Amino acid sequence: MPDETEESQDADETKESQKEEKKKEKKEKKKKDKKKEKQDQEEGKDDEPPKTDQDTKSKGKAVTFLIATEFCERLYFHGLRVILFTFLSAELQFNKNVATRIFHGFLGVAYSTPIIGAIISDSWLGKFRTILYIYVVYISGNILMTIGSVPHKLIIMRVISLVGLFITSIGSGCTKPCSSAFGGDQFIKGQEKMRLHFFSAFYFATKCGNLIGTILTPFLKGDVNCFDTLGCYPLAFLVTNIINIFGMFMFFIGSSYYVKRYPEGSIIISVLQCINHALHKKAMHEGKPKPHWLDYADDRFDKKLIKDIKCLIRILFLYIPLPIFWALFLQKGSRWVLQGTKMNTEVRGYFINPEHMQLLNPLLVIMMIPLFDWVIYPFLNRWSICKTPLQRMTVGGLLSALAFVFAAGVEMTVVKEMPELPMESLSRMHVINNSPCHLQMKSPIVSNLTAYGQVTLDVLRAQVTTWRFIPGDCSATSSHEIPINASETFLAMMVTIVEDELQFVYSNDSHLKLISGNPRMRLLFSIDYEFTESENASFLFRGERSLYLIPDKMERPGKIGMTEYCPLEPGIYELLLPVNETHHEDKILGRVKLSPGGSYTVFIFQKARLNVSIMNIMETISPNNLHLVWQVPQYVVLTAGEVMFSVTGLAFSYSQAPVSLKAVVQALWLLCNALGNVIIILLNFITFKYDSTEFFMYAALMTLSMCSFALLACCYKYVRFDEKE
């Protein structure tokens, strides 16, 4: 018995000693954890003094500077993007196909370089220095864009603008992955709620910059005139450039408040090295094959990394058909804008910029996200429709295809309004009788022209013919013949009367709609005022913005002549005749309404001796009739497709990615966007007679893409990661 009691006492003592040892171990472990946290915090610094003990006030200043920087950068980027296509086509005079390639090349570079920025940041410079150094490059591209938009020789404008555009795309892309991640670095363990609030504010600033930039730049380039041109692209680029420079300044002055971390190595490089090593080992391996080709890298790389990469590859297989969606979605900034310039933009006397239609997308997204989350998805779930993310993405892609069917239908209607070209063997001659005489035309085609009338004739091209006119019912009595070489596709001739004799003025003409969507006008005149070489007298077209039109293609001194076509903003204009070089008559000769897309020839006849003062208008090209509001359905359907495809796809990618590779998956999601731009550029080399055919082609490709995506989705097994991980 004594032995048993002694043994029990010894057992109790050993238990107590074990408990004490465990307590000591726990205390030591806590001490080690605290030391490790301190070491991590000390390692997570750049060349600046420790900032991990910042108080709430200094941390608030840090995130304020970062949010302000993001707002300014996004305002510049989206402000540039929204007017870029019209700048390339209208100012730099690239045709629509070349302008499309440049526009989507810019976006392609901007969305493919985030991976490069992430590697530079994580491997060498750290996020702070990467953002700062690349921002300087970014701003230099912005400055070149502003300089290149100033009217100069076309070749100089093109070279400077394209170089600036390329630098801008690199700067925007490389800073994109660093900005949000650097903001997340400002928060330490235990500040998860603060970090969540930061990302909400950061995203809100992004969307605000997007929205304001989309509103601001079309207004600056369209409603302000500078350098004696219609519109002012330099002002639009300059204002947004100043805002972006202010953003860089805000980022720099907030340096003392930031938490800066040393680069810890890029996971992207580790993934690429692992894949390369696995492929190399598999090629050299001669023994029994392993279950998966990535398993050949287990001699050098951690098994967890290999497992994560396997998961990444499964997601990448799903990504294969996805770039087609972005090839459709991104054309709202290029080909849909071009379509809008061929439509009627008037709303109760106010004219909308076609670029402003892109505002529908962010506004509709804001409304549709809660609508889908709270109404549409719950309703579909009741009927077991679109329950999984991949099903929703498939439907969203099909909706984007439907949007392009709508766009093709609008384009088919627009094409009907475009002017028809004569046969290749013919020239089209507009004959304008700018006189009170009745004219009989005997050759080359027999026709009669009433006083102040006009006629359009098709004559044999590249032949010299004699035109004979016989006047009647006026003071002119003798007939007149004039030889004309119909060497161009379109010609214009004015017949008038000076000192009881018929006089003729003719020149080449053109039938085209301006890419900007504005109307254009030329003036043919026979008046008492005599223009001389010693003065620059002009006609005044007075409207919301006045236009001073100086005659051209006339022998001076002269009282008859014509002007070149001149672009104007849509609206109503009053015509005033010159008194001298600086003044005009008080009496208004007439009024003319110029509508979007129209081409007008205004001809005036003013003779005090005959007591005649009259103005007439001829439409050489009819204005746009189909209203811009017909683009709304395609924007609504495309945005619904975006919410189902893009928003769902982003959340799906994040949830299915391993923790270590979530940033990589998000970068690859952006790369799909870049590949969509590449697809647009490649398909743009296929020429179509009508844009509607091209839209139908994109709709068909999107449908095929979503069918293949649906097949891949059927084979995909959803992954659930450990919540602790």
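The rules behind each value
- Residues numbered from 1 in each chain as written.
- Predicted model: local features only at pLDDT ≥ 70, side-chain atom pairs only at ≥ 80, totals over all residues.
- Heavy atoms only, no water.
- UniProt positions renumbered as here; feature names shortened; annotations may be inferred.
- Helix = DSSP H or I, 4+ residues; strand = E, 2+ residues; numbered from the N terminus.
- Rg over C-alpha atoms; globule rule 2.2 N^0.38 Å.
- Buried < 20%, exposed > 50% of the residue type's maximum accessible area, 1.4 Å probe, protein only.
- Contact = heavy atoms within 4.5 Å.
- Areas by Shrake-Rupley, 256 points an atom, 1.4 Å probe, with all protein chains shown as cover.
- Lys, Arg positive; Asp, Glu negative; His and termini not counted.
- Charge placed at Lys NZ, Arg CZ, Asp CG, Glu CD.
- Salt bridge = Lys/Arg side-chain N within 4 Å of Asp/Glu carboxyl O.
- Patch = residues over 30% accessible without salt bridge, like charges linked within 9 Å, V, L, I, M, F, W, Y side chains within 5 Å.
- Polar contact = N/O pair within 3.5 Å; in protein donor to acceptor, adjacent residues only side chain to side chain.
- Pairing = 2+ DSSP bridges.
- Axes fitted to C-alpha atoms, helices over the stretch in contact; angles between N-to-C directions.
- Parallel < 35°, antiparallel > 145°, perpendicular 65-115°, else oblique.
- Left-handed = near helix turned anticlockwise from the far one by under 90°.
- Phe/Tyr/Trp six-rings, centres within 6.5 Å; stacked < 30°, edge-to-face > 60°.
- pLDDT = per-residue confidence, 0-100.
- Nonpolar A, V, L, I, M, F, W, Y, C, P; charged D, E, K, R; others polar.

The protein is annotated in an unreviewed UniProt entry as Solute carrier family 15 member 2 from Trichonephila inaurata madagascariensis. Its UniProt record gives the protein the following Subcellular location (unreviewed entry) comment, quoted word for word: "Membrane". As recorded by UniProt, the Sequence similarities (unreviewed entry) comment attached to the protein reads in full: "Belongs to the major facilitator superfamily. Proton-dependent oligopeptide transporter (POT/PTR) (TC 2.A.17) family."

**Q** Whenever I open this one, the overall build of the protein confuses me. Can you help?
**A** Along the protein, the regular secondary structure elements total 17 helices and 19 strands. Relative to the compact-globule value of 27 Å for 725 residues, the protein shows a C-alpha radius of gyration of 35 Å, a clear excess of over 25%. Seen along its three principal axes, the alpha-carbon backbone of the protein occupies a region of about 155 × 55 × 55 Å. The burial tally for the protein puts 49% of its 725 residues in the buried class. Counting contacts in the protein only where the partners sit at least 6 residues apart, residues at least 24 apart contribute 72% of the total. Surface exposure of the protein reaches about 35,700 Å², of which carbon and sulfur atoms provide 60%. Treating the 76 positive side-chain charges of the protein as one cloud and the 72 negative ones as another, the clouds have centres 5 Å apart.

**Q** Can you help me understand the pattern of salt bridges in this one?
**A** Pairing between side chains of opposite charge can happen when the charged atoms of each approach one another. One pass over the structure, following the stated rule, counts 20 salt bridges. In this structure, the salt-bridge partner of Arg335 is Glu694, at a minimum N-O distance of 3.4 Å. Here the residue Arg335 occupies a position in helix α12 (residues 335-341), and Glu694 occupies one in helix α17 (residues 691-714), the gap between them amounting to 359 residues. Note on Glu694: relative accessible area 5%, which makes it buried.

**Q** Sorry, what's going on with a nonpolar patch on the surface here?
**A** Side chains of Leu402, Val405, Phe406, Met412 and Phe696 sit close together on the surface and give an oily, nonpolar patch of about 400 Å² of accessible area. Ranked by residues supplied to the nonpolar patch, first place goes to helix α14 (residues 389-416) with four residues. Its place among the elements puts Met412 in helix α14. Accessibility expressed as a relative area gives 43% for Met412, which makes it partly exposed.

**Q** What am I meant to see in the side chain of Gln606 here?
**A** Within the fold, Gln606 resides in strand β18 (residues 599-607). Side-chain polar atoms of Gln606 contact the backbone nitrogen of Asp528, separated by 3.2 Å. In this view, Gln606 contacts Ser526, Ile527, Asp528, Tyr529, Leu577, Val612 and Ser613; residues no more than four positions away in its chain are not counted.

**Q** Sorry if this is basic, but what is going on with the pairing of strand β10 (residues 501-508) here?
**A** Within a regular strand, side chains alternate between the sheet's two faces. As paired elements, strand β9 (residues 490-498) and β10 share eight bridges and run antiparallel to each other. Among the inter-strand pairings, Met493 is bridged to a residue of β10, identified as Tyr506. Adjacent in sequence and paired antiparallel, β9 and β10 are bridged by two residues, among which Glu499 carries a positive phi angle near 50°.

**Q** How should I be thinking about the packing of helix α5 (residues 127-148) against helix α8 (residues 233-253) in this particular structure?
**A** Axis angle and axis distance: for two packed helices, these are the angle between their axes and the distance between the axes, and together they describe the pair. Running from amino to carboxyl end, α5 crosses α8 at an angle of 165°, the nearest separation of the two axes being 10 Å. Taken together, the axes of α5 and α8 lie roughly antiparallel to each other. The chirality of how α5 crosses α8 is left-handed. Residues Phe128, Ile131, Leu132, Tyr135, Val136, Tyr138, Ile139, Asn142, Ile143, Met145 and Thr146 of α5 form the contact with α8, whose participating residues are Pro234, Phe237, Leu238, Asn241, Asn244, Ile245, Gly247, Met248, Phe251 and Phe252.

**Q** Looking at this structure, I do not really get the packing of aromatic side chains. What am I missing?
**A** Centre-to-centre distance and the angle between the planes together describe a pair of aromatic rings. Considering all chains together, one arrives at 36 aromatic pairs under this definition. Ring geometry for Phe128 versus Phe251: centroids 5.3 Å apart, planes at 25°, classification stacked. Residue Phe128 is found in helix α5, and its partner Phe251 is found in helix α8; the two are separated by 123 residues along the sequence. Residue Phe128 is classed as buried on the basis of its relative accessible area of 9%. Here the aromatic rings of Phe404 and Phe695 are separated by 5.6 Å at their centres, their planes lie at 90°, and the arrangement is edge-to-face. Of this pair, Phe404 sits in helix α14 while Phe695 sits in helix α17, placing them 291 residues apart in sequence. For the pair shown, Phe404 and Phe695 are each scored as buried.

**Q** Please explain the confidence of the model for the protein as it appears in this structure.
**A** Do not read the predicted coordinates in detail wherever pLDDT is low. Taken residue by residue, the protein gives an average pLDDT of 86. The fraction at 70 or more is 91%. The low-confidence segment residues 1-5, where pLDDT is below 50, has zero contacts with residues more than four positions distant or belonging to other chains.

**Q** Even after reading the chapter, I still don't get the sheet that holds strand β17 (residues 590-594), so can you show me in this structure?
**A** Sheets are built from strands paired through backbone hydrogen bonds, the pairs being either parallel or antiparallel. Strand order in the open sheet formed by four strands is β13-β12-β16-β17, with antiparallel pairing between adjacent strands. Each having just a single partner strand, β13 (547-549) and β17 make up the two edges of the open sheet. Averaged over all pairs of adjacent strands, the angle between their axes in this sheet comes to 30°, without regard to strand direction. Pairing analysis gives three bridges linking strand β12 (residues 539-542) to β13, with the strands arranged antiparallel. Counted as the bridge partner of Phe539 is Leu549 from β13.

**Q** I would appreciate a short explanation of unusual backbone geometry in the present structure.
**A** Pro444 follows Ser443 through a cis peptide bond whose omega is 0°. Within the element layout of this structure, Pro444 appears in the loop between β4 (438-443) and β5 (447-449). Within the chain, Ala462 stands out as a residue other than glycine whose phi angle is a positive 60°. As for its placement among the helices and strands, Ala462 is situated in the loop between β6 (454-460) and β7 (464-472). What makes Ala462 exposed here is its relative accessible area of 60%. A positive phi is found at Asp500, a non-glycine position, where the angle reads about 60°.

**Q** Please explain the pairing of β9 as it appears in this structure.
**A** Among the nine residues of β9, nine are classified as buried, and the element is accordingly described as predominantly covered. With burial as the criterion, each face of β9 is covered, one bearing Phe490, Ala492, Met494, Thr496 and Val498 and the other bearing Leu491, Met493, Val495 and Ile497. As defined by bridge partners, strand β3 (residues 426-433) adjoins β9 across six bridges and the pair is classed as parallel. Across the sheet, Val431 pairs through a bridge with Met493, a residue of β9.

**Q** Can you walk me through the packing of helix α4 (residues 114-125) against helix α6 (residues 154-184) in this structure?
**A** Between α4 and α6, the shortest axis-to-axis distance is 7 Å and the interhelical angle comes to 60°. Viewed along their axes, α4 and α6 adopt a mutual orientation that is oblique. Considering the relative orientation of α4 and α6, their crossing is right-handed. Between α4, through Pro114, Ile116, Gly117, Ala118 and Ser121, and α6, the contact on the second element is made entirely by Gly173, Cys174, Lys176, Pro177 and Cys178. Residue classes in the contact of α4 with α6 are distributed as six nonpolar, three polar and one charged.

**Q** What exactly am I supposed to notice about the sheet that holds β3 here?
**A** Pairing is mixed in the open sheet, where four strands are placed in the order β6-β3-β9-β10. If you trace the sheet from one side to the other, it starts and ends with β6 and β10, each paired once. With direction set aside, neighbouring strand axes in the sheet form an average angle of 25°.

**Q** Looking at this structure, how should I read the side chain of Asp185?
**A** As for its placement among the helices and strands, Asp185 is situated in the loop between α6 and α7 (192-223). Residue classification places Asp185 among the buried residues on the basis of a relative accessible area of 15%. Discounting chain neighbours no more than four positions away, the residues touching Asp185 are Lys127, Val259 and Arg261.

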